[in-house]
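# Structure at a glance
Residues per chain, in single letters:
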Amino acid sequence: MMTDAFIGLGSNLKEPAAQLARAVSALATLPETVLVAQSPFYASRPVGPQDQPDFVNGAVWLRTSLRPHRLLDELQRIEQKHGRERLRHWGPRTLDLDVLLFGTQVLDDERLTVPHRELANRDFALQPLLDLKADLALPDGTPIAELRNQCPDNGLRKLPPADYP
Ligand code: ROI
């Protein structure tokens, strides 16, 4: 069975847009998985400590027969391979890949919480999801568009494609 999975991407170190572009290429080659679409990239002010560079954020839509934890293994492998550095909690990082939604599944264990715990508070994740699929909803039926309307504004700026690597 193939499941629609939505992955959030973020970086604010070492040419963030290039980090994201490389990550999208890696995601496109995952086993048992097809890349359906990628969102535009956005510049966003940091959530958390403000004494760090702005982030670049985006999202991809995957269709996969990998189980959620196997997909998470693959995301963590890509983060490591692309030189993930995480300097402090809620601090700067070279590459962050998060499972935002995995079909209509609800998961909560020590490795994985889906839908992502902070999704409703993060315009930099919600807006790319809407770009990918305007009628996307949480497992409980709440439209992502409704969350986006209620979400604190974090100064998202769409990057023109010419600025992508
Ligand atoms: N802030 C923004 N704008 N984008 C992110 O991807 C991001 N990721 C994080 C923290 C440090 C919480 N802040 C962020 O992990």
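Structural data are supplied above this passage.
Model, not experiment: these values are computed from the prediction.

## Let's talk about the nonpolar core
Ile7, Leu9, Leu27, Leu71, Leu97 and Val99 are the most contacted members of the largest nonpolar core, which has 27 residues in total. Contributions of two or more residues to this core are made by strand 1 (3-11), helix 1 (16-27), strand 4 (55-64), helix 2 (68-81) and strand 5 (96-102). With five residues, helix 1 is the largest single contributor of residues to this core. Aside from chain neighbours lying at most four places away, what touches leucine 9 is Leu20, Ala23, Val24, Leu27, Val56, Asn57, Gly58, Ala59, Val60, Asp96 and Leu97. In this structure, Tyr42, Leu119, Leu136 and Leu147 belong to the second largest nonpolar core, which totals 19 residues.

## Here we look at helix 3 (residues 123-132)
Buried residues dominate helix 3, accounting for nine of its 10 residues. For helix 3, the set of buried residues is Asp123, Phe124, Ala125, Leu126, Gln127, Pro128, Leu129, Leu130 and Leu132.

## Describing the site of the ligand
The ligand sits among 13 residues. The nearest are Ser44, Arg45, Val47, Asn57 and Arg93. Contact between the ligand and arginine 45: a nitrogen atom at 2.7 Å from a main-chain N or O atom of the residue. In isolation the ligand has 350 Å² of accessible area, and contact with the protein removes 96% of it. Taken together, the residues of the shell around the ligand break down into five nonpolar, four polar and four charged.

## Topic: the pattern of salt bridges
Throughout the structure, instances matching the rule amount to eight salt bridges. Residue arginine 63 pairs with aspartate 4 through a salt bridge whose shortest N-O separation is 2.8 Å. A residue pair is termed long-range when its members are at least 10 positions apart, and arginine 63 in strand 4 and aspartate 4 in strand 1 qualify at 59 residues. Overall, arginine 63 belongs to the partly exposed group, its relative accessible area being 32%. In this structure, arginine 93 and aspartate 96 form a salt bridge, with 2.9 Å as the shortest nitrogen-oxygen distance. Considered together, arginine 93 and aspartate 96 belong to a single accessibility category, that of buried residues.

## Things to note about the environment of isoleucine 78
Structurally, isoleucine 78 is set in helix 2. Distance from isoleucine 78 to alanine 26, taken between C-alpha atoms, is 7.0 Å for residues 52 residues apart in sequence.

## Quick word on helix 2
Here helix 2 spans 20 Å end to end across 14 residues, near enough to the 20 Å set by a 1.5 Å rise per residue. Along helix 2, the residues classified as buried are Pro68, Leu71, Leu72, Glu74, Leu75, Ile78 and Glu79. Buried residues in helix 2, looked at end-on, bunch into an arc of 160°, giving them a common side. Turned more than 90 degrees off the buried face of helix 2, the exposed positions are Gln80 and Lys81. For helix 2, the secondary structure elements touched by its buried residues are strand 1, helix 1, strand 4, strand 5 and strand 6 (107-108). At the C-terminal side of helix 2, glycine 83 shows a positive phi close to 70°.

Cut-offs applied
Residues numbered from 1 in each chain as written. Predicted model: local features only at pLDDT ≥ 70, side-chain atom pairs only at ≥ 80, totals over all residues. Heavy atoms only, no water. Core = buried A, V, L, I, M, F, W, Y, C linked by side-chain atoms within 4.5 Å. Buried < 20%, exposed > 50% of the residue type's maximum accessible area, 1.4 Å probe, protein only. Helix = DSSP H or I, 4+ residues; strand = E, 2+ residues; numbered from the N terminus. Contact = heavy atoms within 4.5 Å. Near = heavy atom within 4 Å. Polar contact = N/O pair within 3.5 Å; in protein donor to acceptor, adjacent residues only side chain to side chain. Areas by Shrake-Rupley, 256 points an atom, 1.4 Å probe, with all protein chains shown as cover. Nonpolar A, V, L, I, M, F, W, Y, C, P; charged D, E, K, R; others polar. Salt bridge = Lys/Arg side-chain N within 4 Å of Asp/Glu carboxyl O. Expected span 1.5 Å × (residues − 1). Arc of directions from axis to C-beta.

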